[in-house]
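Fold and geometry: a report
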Amino acid sequence: LLCQCFYRLEVLFKNPQIHVKNPHLDTMEEDVLYHFNLGTKTHNLPEMFGDIKFVCVGGSANRMKSFAQFIQQELALPGNMDNITDICEGTDRYSMYKVYFLSVYPGMGVPSISIMLHELIKLLHHARCIDFALFRIGTSGGVGLEPGTVVVTDKEVDCFFRAQFEQVVLGKVITRSTELDVGVSKELLQCSSELDDVPTVIGNTMCTSDFYEGQGRLDGALCSFSTEDKLEYLRKAYNTGVRNIEMESTVFRAMCRVCAITAVVCVTLLNRFDGDQISTPHDVLVEYQQRPQVLVAHFIKKRLGLI
Ligand code: R2B
Ligand code: URA
């Protein structure tokens with residue numbers, strides 16, 4: 001089974017080699033991936049990472065560590081995972097665990113994940129990885145959904161419900177699309193129907209740059225709007241197809257869609273029509289947070305023909 005699993009890991013995803021879209025990189029003698037504490041001269045990146053077939057980013061540092069251990073167990077991969085070490089521990093910025101796949105904690109919010117993605121995409125490029133997929137797993141606020149529902153993202157939208165990611169570059173706004181031609185969302189939805197306790201829908205995910213006012217919460221340190229304003233905005237979001245709100249998805253898709261198969265899978269911790277505070281008991285939240293992991297693990301196992 002083990003040999004079969006390794007063999008199959010090679011054919012998990014069909015995707016050409018990653019192409020970084022930066023001509024300047026070719027002229028550099030060395031590339032230091034500063035926030036990972038890795039570099040092309042100091043590390044043999046093809047040897048360290050060349051076998052990577054999928055990458056999951058999201059959650060928290062601890063969750064991504066236990067996710068690596070969970071996948072190793074589920075796929076019966078060899079190695080002692082009790083002492084798994086953080087490849088980025090020299091920097092304190094991000095956390096990264098490797099077991100034939102990468103499990104990365106990218107911090108919270110667009111600026112943090114965007115720095116991480118620049119270095120991750122270059123890492124996969126330098127390591128000459130081919131045929132792999134990138135998943136964002138995590139938590140979110142639900143819009144009109146039962147708490148605990150998993151949302152597999154159809155389209156990542158900004159706060160104006162546009163499927164795009166805007167960034168200021170050299171004083172000008174650059175717009176990158178989050179629209180996807182080939183996705184795996186339907187395949188993930190099918191997987192969820194084969195699992196107990198992973199209620200899942202496909203919907204749009206709104207990405208914001210703030211957890212409080214930016215997500216229409218009334219419970220931040222500042223609040224500039226009324227309850228009616230908040231509900232009207234959430235209703236508008238719902239009517240355009242938004243089913244959850246989080247803080248990284250647009251830049252994740254915009255940066256990765258050109259170089260890998262991608263999927264965004266986030267569990268909802270609360271229904272934002274019912275409130276803003278996350279007061280669900282800790283053990284219930286822990287179980288919710290495992291749902292995207294269970295779904296992605298099932299998807300991988302199915303692709304590998306293990307189930
Ligand atoms: C979901 O949860 C975090 C905020 O609590 C943020 O990283 C996100 O996208
Ligand atoms: N993460 C978010 O970004 N928003 C929520 O409401 C819950 C988790």
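These numbers come from a predicted model, not from an experiment. (Residues numbered from 1 in each chain as written. Chains lettered and ligands numbered in written order. Predicted model: local features only at pLDDT ≥ 70, side-chain atom pairs only at ≥ 80, totals over all residues. Heavy atoms only, no water.)

A word on the UniProt feature "binding site: substrate" (unreviewed entry) in the protein
Those places that UniProt annotates as "binding site: substrate" (unreviewed entry) correspond, in this numbering, to Gln215 and Arg217. The subset of these annotated residues that lines the second largest pocket comprises Gln215 and Arg217. In this structure, Gln215 sits in the loop between β10 (200-207) and α6 (227-239). Here Gln215 falls in the buried class, since its relative accessible area comes to 4%. (UniProt positions renumbered as here; feature names shortened; annotations may be inferred. 1 Å grid on protein atoms, 1.4 Å probe; cavity = no way out; pocket = protein on both sides within 12 Å on 5 of 7 lines; lining within 4 Å. Helix = DSSP H or I, 4+ residues; strand = E, 2+ residues; numbered from the N terminus. Buried < 20%, exposed > 50% of the residue type's maximum accessible area, 1.4 Å probe, protein only.)

Some points on the site of ligand 2
Looking at ligand 2, the residues that line it are Thr139, Ser140, Gly141, Phe211, Gln215, Arg217, Ile245, Glu246, Met247, Leu270 and Ile278. A distance of 3.4 Å separates an oxygen atom of ligand 2 from a polar backbone atom of Gly141. Measuring from a nitrogen atom of ligand 2, one finds a side-chain N or O atom of Gln215 at 2.8 Å. The fraction of the free accessible surface of ligand 2 (230 Å²) that becomes covered by protein chains is 93%. Under a 2 Å grid-point criterion requiring more than half of the atoms, the pocket assigned to ligand 2 is the second largest pocket. Elements with a contribution of two residues or more to the shell around ligand 2: β6 (133-142) and β11 (242-246). The greatest single-element share of the shell around ligand 2, amounting to three residues, is contributed by β6. Here the residues of the shell around ligand 2 sort into five nonpolar, four polar and two charged. (Near = heavy atom within 4 Å. Polar contact = N/O pair within 3.5 Å; in protein donor to acceptor, adjacent residues only side chain to side chain. Areas by Shrake-Rupley, 256 points an atom, 1.4 Å probe, with all protein chains shown as cover. Sits in = over half its atoms within 2 Å of the grid points. Nonpolar A, V, L, I, M, F, W, Y, C, P; charged D, E, K, R; others polar.)

Side note on the layout of surface pockets
If a probe as big as a water molecule is rolled over the atoms, it shows which places are left empty. Volume-wise, the largest pocket comes out at about 510 Å³. Lining of the largest pocket is provided by 19 residues; of these, Lys21, Asn22, His118, Arg176 and Met255 occupy positions nearest its centre. Elements that contribute at least two residues to the lining of the largest pocket include exactly α4 (110-126), β8 (164-169) and α7 (249-256). For the lining of the largest pocket, the leading source of residues is α4, giving five residues. Size it by volume and the second largest pocket reaches roughly 370 Å³. If you go around the second largest pocket, you meet 23 residues; those closest to its centre are Met108, Thr139, Phe211, Met247 and Glu248. When residues in the lining of the second largest pocket are grouped by element, the largest group, five residues, is from β6. Looking at side-chain class alone, the lining of the second largest pocket contains nine nonpolar, nine polar and five charged residues. (Points joined across faces, edges and corners; volume = space filled by probe spheres on them.)

Digging into the side chain of Arg253
Tracing the sequence through the fold places Arg253 in helix α7. Side chain to side chain, Arg253 and Glu156 meet in a polar contact 2.8 Å long. When residues no more than four places from it in sequence are discounted, the contact partners of Arg253 are Thr153, Asp154, Glu156, Thr178, Leu180, Thr262, Ala263 and Val264. (Contact = heavy atoms within 4.5 Å.)

Let's talk about the pattern of salt bridges
Scanning all chains against the criterion turns up 14 salt bridges. Among the ionic pairs, Lys98 bridges to Asp51, the shortest N-O distance being 3.2 Å. Linking Lys98 in strand β4 (residues 95-98) with Asp51 in the loop between α2 (45-49) and β3 (54-58), this pair joins segments that are 47 residues apart in sequence. With a shortest N-O distance of 2.9 Å, Arg272 and Asp276 are connected by a salt bridge. (Salt bridge = Lys/Arg side-chain N within 4 Å of Asp/Glu carboxyl O.)

Examining the pairing of strand β5 (residues 102-105)
By the alternation rule, side chains of β5 split into Leu102 and Val104 and Ser103 and Tyr105, which are all buried. Inspection of the sheet shows β3 paired to β5 by three bridges, in the parallel sense. Counterpart to Val55 in the pairing with β5 is Leu102. Hairpin connection from β4 to β5: three residues lie between these consecutive antiparallel strands, with Tyr100 at a positive phi of about 65°. (Pairing = 2+ DSSP bridges.)

Re the site of ligand 1
Surrounding ligand 1, one finds Met108, Arg136, Thr139, Phe211, Glu246, Met247 and Glu248. Between ligand 1 and the protein, one listed contact pairs an oxygen atom with a side-chain N or O atom of Arg136 at 3.2 Å. Thr139 is positioned such that a nitrogen or oxygen atom in its side chain is 3.1 Å from an oxygen atom of ligand 1. When ligand 1 is considered free in solution it has 270 Å² of accessible area, and contact with the protein chains removes 79% of it. Assessed atom by atom at 2 Å from the grid points, ligand 1 resides in the second largest pocket. Per-class residue counts for the shell around ligand 1 are three nonpolar, one polar and three charged.

Concerning the packing of α4 against α7
In the contact formed by α4 and α7, the axes pass within 9 Å of each other and the chain directions differ by 20°. By the criterion of interaxial angle, the relationship of α4 to α7 is roughly parallel. Judged by the twist between their axes, the crossing of α4 over α7 is right-handed. Contacts between α4 and α7 involve Val110, Ile113, Ser114, Leu117, His118 and Ile121 from the former and Val251, Phe252, Met255 and Cys256 from the latter. Taken together, the residues of the contact of α4 with α7 break down into eight nonpolar, two polar and no charged. (Axes fitted to C-alpha atoms, helices over the stretch in contact; angles between N-to-C directions. Parallel < 35°, antiparallel > 145°, perpendicular 65-115°, else oblique. Left-handed = near helix turned anticlockwise from the far one by under 90°.)

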